[in-house]
Amino acid sequence: MHTPPSPPGAERTDESAVQIGALVPLSRPGWIQAGQHLLAGLELAVREVNDAGGIVGRPLELVVRDTAADPERAAAAVDELARLGVAALAGEYHSVVARAAAARADALGLPFLCSSAVLDALTEQPTEWVARLPPAQSHGWRIYADFLLSAGHTRIAVAAQSSVYWASGARILRDYLAPRGGTVIELDMGALAPTAVCDELVDNRATALLLLVGHPEPAVSIVKSVRHDERLAEILIGAPAGQPEFAEWATLLGDDGAAIPFLRYLPERLSPLGARVGTALCERLTEAPSFVAFEGYDTVAVLAEVLRSHGADRARIAEAWPRVAVEGTRGEIQFSRTPGISVWQWAWTPIQVVDRDPAEPDRFRILHAG
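So, here's what we can say about the structure. (Residues numbered from 1 in each chain as written. Predicted model: local features only at pLDDT ≥ 70, side-chain atom pairs only at ≥ 80, totals over all residues. Heavy atoms only, no water.)

It is worth spelling out the pairing of strand β7 (residues 183-188) at this point. Examined bridge by bridge, strand β6 (residues 155-160) and β7 share 6 bridges and lie parallel to one another. Paired with R155 across the strands is T183, a residue of β7. Note that the unit made of β6, helix α5 (residues 164-177) and β7 has a crossover that is right-handed. (Pairing = 2+ DSSP bridges. Helix = DSSP H or I, 4+ residues; strand = E, 2+ residues; numbered from the N terminus. Right-handed = clockwise from strand over helix to strand, strands pointing away.)

Inspection of the secondary structure puts E248 in helix α8 (residues 247-253). Of the residues examined, E248 reaches a relative accessible area of 19% and is grouped as buried. A distance of 3.1 Å separates the side chain of E248 from the side chain of R28, its partner in a polar contact. (Buried < 20%, exposed > 50% of the residue type's maximum accessible area, 1.4 Å probe, protein only. Polar contact = N/O pair within 3.5 Å; in protein donor to acceptor, adjacent residues only side chain to side chain.)

Turning our attention to the packing of helix α2 (residues 71-84) against helix α3 (residues 95-108). Packing of α2 against α3 leaves a shortest axis separation of 8 Å and a crossing angle of 35°. Here α2 runs over α3; the crossing is right-handed. Contact with α2, carried on its side by P71, A74, A75, V78, D79 and A82, involves V96, V97, A100, A101, R104, A105 and L108 of α3 and no other residues of that element. (Axes fitted to C-alpha atoms, helices over the stretch in contact; angles between N-to-C directions. Left-handed = near helix turned anticlockwise from the far one by under 90°. Contact = heavy atoms within 4.5 Å.)

In this structure, P29 follows R28 across a cis peptide bond, with omega equal to 5°. Across the junction of H215 and P216, the peptide omega takes the value 5°, indicating a cis bond. Tracing the chain through its elements places P216 in the loop between β8 (208-212) and α7 (219-227). Here the phi dihedral of A68 falls at roughly 50°; this positive angle occurs in a residue that is not glycine. Accessibility expressed as a relative area gives 4% for A68, which makes it buried. In the Ramachandran plot, T286 falls in the positive-phi region, its phi being about 55° despite a non-glycine side chain. In this structure, T286 sits in the loop between α9 (272-285) and α10 (291-310). Given the relative accessible area of 71%, T286 is considered exposed.

Another point: the layout of surface pockets. Rolled over the atoms, a probe as big as a water molecule pinpoints where empty space is left. Taken as a whole, the largest pocket holds about 570 Å³ of empty space. Looking at the largest pocket, it is lined by 29 residues, and the ones nearest its centre are W31, Y93, H94, Y165 and W166. Those elements that provide at least two residues to the lining of the largest pocket are α3 and α5. Grouping the amino acids of the lining of the largest pocket by side-chain chemistry returns 17 nonpolar, 11 polar and 1 charged. Of the voids in this model, the second largest pocket is the one considered here, and its volume is about 350 Å³. Taken together, 21 residues form the lining of the second largest pocket, with R264, A288, P289, S290 and F364 sitting closest to its centre. (1 Å grid on protein atoms, 1.4 Å probe; cavity = no way out; pocket = protein on both sides within 12 Å on 5 of 7 lines; lining within 4 Å. Points joined across faces, edges and corners; volume = space filled by probe spheres on them. Nonpolar A, V, L, I, M, F, W, Y, C, P; charged D, E, K, R; others polar.)

The antiparallel open sheet is built from 3 strands, whose spatial order is β10-β15-β16. Since the sheet does not close on itself, it has two edges, and those belong to β10 (262-264) and β16 (360-369), each with one partner. The mean angle between the axes of side-by-side strands here comes to 45°, regardless of whether they run parallel or antiparallel. Direction of pairing for strand β15 (residues 352-357) relative to β16: antiparallel, over a ladder of 6 bridges. Note on β16: the bridge partner recorded for D357 is E360. This element, helix α4 (residues 137-150), spans β10, β15 and β16 of the sheet and lies at about 90° to β16.

This part is about the environment of A131. Along the chain, A131 falls in strand β5 (residues 130-132). For A131, a relative accessible area of 0% translates into the label buried.

Each full turn of the α-helix corresponds to 3.6 residues, which orients residues three or four apart in the same direction. Over its 14 residues, α3 extends 20 Å from the first C-alpha to the last, a length consistent with the 20 Å expected when each residue adds 1.5 Å. Those residues of α3 not exposed but buried are S95, V97, A98, A100, A101, A102 and A105. Close packing links the buried residues of α3 with β1 (18-24), α2, β3 (88-91), β4 (112-114), β5 and α5. A positive phi of about 70° marks G109, the residue just after α3. (Expected span 1.5 Å × (residues − 1).)

A few words now on the packing of α4 against α5. Contact geometry for α4 and α5: axes closest at 9 Å, N-to-C directions at 50°. As far as their axial angle goes, α5 and α4 are oblique. Crossing of α4 over α5 shows right-handed handedness. Counting all contacts with α4, which are made through Q137, S138, W141, R142, A145, D146 and L149, the residues of α5 involved are Y165, W166, S168, G169, A170, I172, L173, Y176 and L177. Of the residues in the contact of α4 with α5, the class split is 10 nonpolar, 4 polar and 2 charged. (Parallel < 35°, antiparallel > 145°, perpendicular 65-115°, else oblique.)

See the structure below:
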């Protein structure tokens, strides 16, 4: 019996394809540039998997959904992707969105490899269904706190917006710095205008200001206010969440956006695989790839290896997390149980504190490594 041809113009996915659902912020208020980099990494890896014969002869296919940084939209996308029959979920950049997706994936029994969200409590209870590539927030932000202390900063102001992610970051910093002689002064950006931040910094004798706020606003306005206040010429502005990583930051702020240290998850020197992938990502993005693009690539590299070894059955994929050993672009990826972390965790990806060089804002300087 032969299959009748599809009607012209019918959208039809390959029946034999192994599908992965991809959650990515591609519209506002999501961080669109982060989403584009994440998707570029995911797509490049899928193309390479298929060029090398796919998953035991079956093509790998991404089914992409835009989360727009909206937790409810992400949860609905997980439901839809589960109904469509995807073998696993990948992606997401925003922590509060990834948390909603992880809770839904756990409830549905759908494996989820989180590419880029760092919130420690990605799920309320420990789960076997979710694994994560980026380091937990508590791990990365303690390294950032060490950098601040080593640079002589003990009076540290945080300009914070209201969210689980920012509150968690402020708490990690406070708990780590207090026993080491550091003080964290919280500035509520729900109540303060960016210009009022300057007076608070002067009154509190802060030597560093950390941006625990959204991008581009109010982050850009705060940086401009502080940079142009002569009383604050010596203050360090920092962004542990990585806002200066993307080219958009340099475009919006120019010279004001340089010398603002942030966390990124790259080794000091890329492996041959990392260097090759970096070149391919650069061609795809027509700009230097951020660490988020590498996270996207590594996500598919891991899932493809699991699918080849264990098949597309969801339960078998989840059972495979502790047995993963895959060469990623930034080192060998393996998952383990880490105290205080509810999901399978790669412990740990390389971590750097870097900034944009004031003399050459497209160049990054490594200031500290963890």
